[in-house]
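# Results of the structural survey
Residues per chain are reported as follows:
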Amino acid sequence: MKRKTGSNDPVVPKAILEQARKAVESDRIPRRAACVVCGSECAPNSTEQLCWVCRRLKISAWRESDTQASAQE
């Protein structure tokens, strides 16, 4: 089957296509908040606005202080 040769005018103007491409590109990039301690990208599941490193350090410090408190009693 041969294609019909018609006008080469695009159906959608180039300006609108370019605007749509830019909108899609900006939607692909997830925007996450910055860590309140070090300023790097926050962990996706962090409710405290911490990156994964600072979150692990906080959890480790919390566990360490728990074990020290129980040893003193």
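Residues numbered from 1 in each chain as written. Predicted model: local features only at pLDDT ≥ 70, side-chain atom pairs only at ≥ 80, totals over all residues. Heavy atoms only, no water.

## Overview of the overall build of the protein chain
Short version of the rule: Comment: elements are numbered from the N terminus, with helices defined as DSSP H or I runs of at least four residues and strands as E runs of at least two. In this scheme, a residue with accessible area under 20% of its type's maximum is buried, one over 50% is exposed, and one in between is partly exposed, where area comes from a 1.4 Å probe on protein chains only. Whether two residues are in contact is decided by their heavy atoms, any of which lying within 4.5 Å being enough. Areas reported here follow the Shrake-Rupley algorithm with a probe of radius 1.4 Å; residue values treat only the protein chains shown as occluding.
In terms of helices and strands, the protein chain carries two helices and zero strands. Sorting the 73 residues of the protein chain into buried and exposed places 10% on the buried side. Looking at the protein chain alone, contacts between residues at least 24 apart form 0% of all its contacts between residues at least 6 apart. Surface summary for the protein chain: the accessible area is close to 7000 Å², and the carbon and sulfur share equals 54%.

## Some remarks on a nonpolar patch on the surface
To keep things clear, this is the line we draw: Patch membership is restricted to residues that have no salt bridge and whose relative accessible area is over 30%. Joining uses 9 Å for like charges and 5 Å for the nonpolar side chains Val, Leu, Ile, Met, Phe, Trp and Tyr. Salt bridges, as used here, are contacts in which a Lys or Arg side-chain nitrogen is within 4 Å of a carboxyl oxygen on Asp or Glu.
Taken together, the side chains of Val11, Val12, Ile16 and Leu17 make up a nonpolar region of the molecular surface, amounting to roughly 360 Å² of accessible area. Topologically, Val11 is positioned in the segment before α1 (14–28).

## Considerations on the pattern of salt bridges
Counted by the stated rule, this structure contains three salt bridges. Note that Glu18 and Arg21 form a salt bridge whose closest N and O atoms lie 3.6 Å from each other. Of this pair, Glu18 and Arg21 both sit in helix α1, three residues apart, roughly one helical turn. Residue Arg21 is classed as partly exposed on the basis of its relative accessible area of 49%.

## Thoughts on unusual backbone geometry
Its identity as a non-glycine residue notwithstanding, Gln49 has a phi of 60 degrees, on the positive side. Relative to the elements of secondary structure, Gln49 occurs in the loop between α1 and α2 (52–72).

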